[in-house]
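Report on the structure
Residue-level listing of the chains:
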Amino acid sequence: MVEFHFDLEGKGEEFGFGHCWLLDRVKRMIQMVKDGFLSDGDGKKEPQPNELDERLWRADPEDGLRPLKRIRNQF
């Protein structure tokens with residue numbers, strides 16, 4: 001939980017030493033916190049749908065060459 005003290009025009013007694021916030025700064029701060037939570041992701045460790053085709057082009061664990069042997073054999 002966060003508590004904000006507002007000063008609507010920046011002329012209040014406590015604004016000068018940073019105790020109160022202007023509304024636009026609070027809005028930006030709230031958006032930054034929301035963006036931070038979004039950047040955490042969903043916690044799942046799995047490839048994204050657009051990465052699935054690329055997985056076939058990884059190095060083969062048997063010989064270390066790209067792409068996987070089963071893909072190379074198709075050429």
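My aim in this report is to walk through the structure given alongside it, one point at a time. In this numbering scheme, every chain counts its residues from 1 along its sequence in written order. Note on the predicted model: pLDDT of at least 70 is required for a residue's local features to be given, and 80 or more for side-chain atom pairs to be given and counted; whole-chain, interface and lining totals, by contrast, use all residues. Hydrogens and water are ignored here; the side-chain numbers use all heavy atoms of the structure.

**Considerations on the packing of aromatic side chains**
Aromatic pairs are defined between Phe, Tyr and Trp rings, using the six-membered ring for Trp, whenever the two ring centres lie within 6.5 Å; interplanar angles under 30 degrees are classed as stacked, those over 60 as edge-to-face, and all others as tilted. Tallied over the full model, the rule gives two aromatic pairs. With 5.2 Å between their ring centres and 80 degrees between their planes, phenylalanine 4 and tryptophan 21 make a pair best called edge-to-face. A residue pair is termed long-range when its members are at least 10 positions apart, and phenylalanine 4 in the segment before helix 1 (23-39) and tryptophan 21 in the segment before helix 1 qualify at 17 residues. A residue is classified by how much of its surface remains accessible, and phenylalanine 4, at 21% relative accessible area, is partly exposed. Charge over a ring is defined by NZ of Lys or CZ of Arg lying within 6 Å of the ring centre and within 35 degrees of the ring normal. The aromatic ring of tryptophan 21 is capped on one face by arginine 25, whose charged end is 5.5 Å from the ring centroid. Strands here are runs of E lasting at least two residues and helices are runs of H or I lasting at least four, both read from the DSSP assignment and numbered beginning at the N terminus. Buried means the residue's accessible area, taken with a 1.4 Å probe over protein chains only, is under 20% of the maximum for its type, while exposed means over 50%, and partly exposed covers the values in between.

**Topic: unusual backbone geometry**
Only a minority of non-glycine residues have a phi that is not negative, and only a minority of peptide bonds are not trans. Here the residue pair arginine 66 and proline 67 is connected by a cis peptide bond, since its omega of -15 degrees sits within 30 degrees of zero. Inspection of the secondary structure puts proline 67 in the loop between helix 1 and helix 2 (69-72).

**Examining the pattern of salt bridges**
Each reported salt bridge corresponds to a side-chain nitrogen of Lys or Arg within 4 Å of a carboxyl oxygen of Asp or Glu. Per the counting criterion, the structure on display carries two salt bridges. Residues lysine 69 and glutamate 62 are paired through a salt bridge, measuring 2.7 Å at the closest nitrogen-oxygen approach. With a relative accessible area of 65%, glutamate 62 lands in the exposed category.

**Here's the deal with the side chain of aspartate 7**
Counting through the fold element by element, aspartate 7 comes out in the segment before helix 1. There is no salt bridge for the buried aspartate 7, and the closest opposite charge comes from lysine 11, which lies 8.8 Å off by N-O distance. In terms of polar contacts, aspartate 7 uses its side chain to reach the backbone amide nitrogen of glycine 10, at 2.8 Å. When neighbours within four sequence positions are excluded, aspartate 7 is seen to be in contact with Gly12, Phe15, Cys20, Trp21 and Leu22. Neither His nor the chain ends contribute to the count of charged residues, in which Lys and Arg are positive and Asp and Glu negative. Counted as a polar contact is a pair of N or O atoms within 3.5 Å, where, for protein atoms, one must be capable of donating a hydrogen and the other of accepting one, and residues adjacent in sequence contribute only when both atoms are in side chains. Only heavy atoms enter the contact rule, under which two residues are in contact if any of them lie within 4.5 Å.

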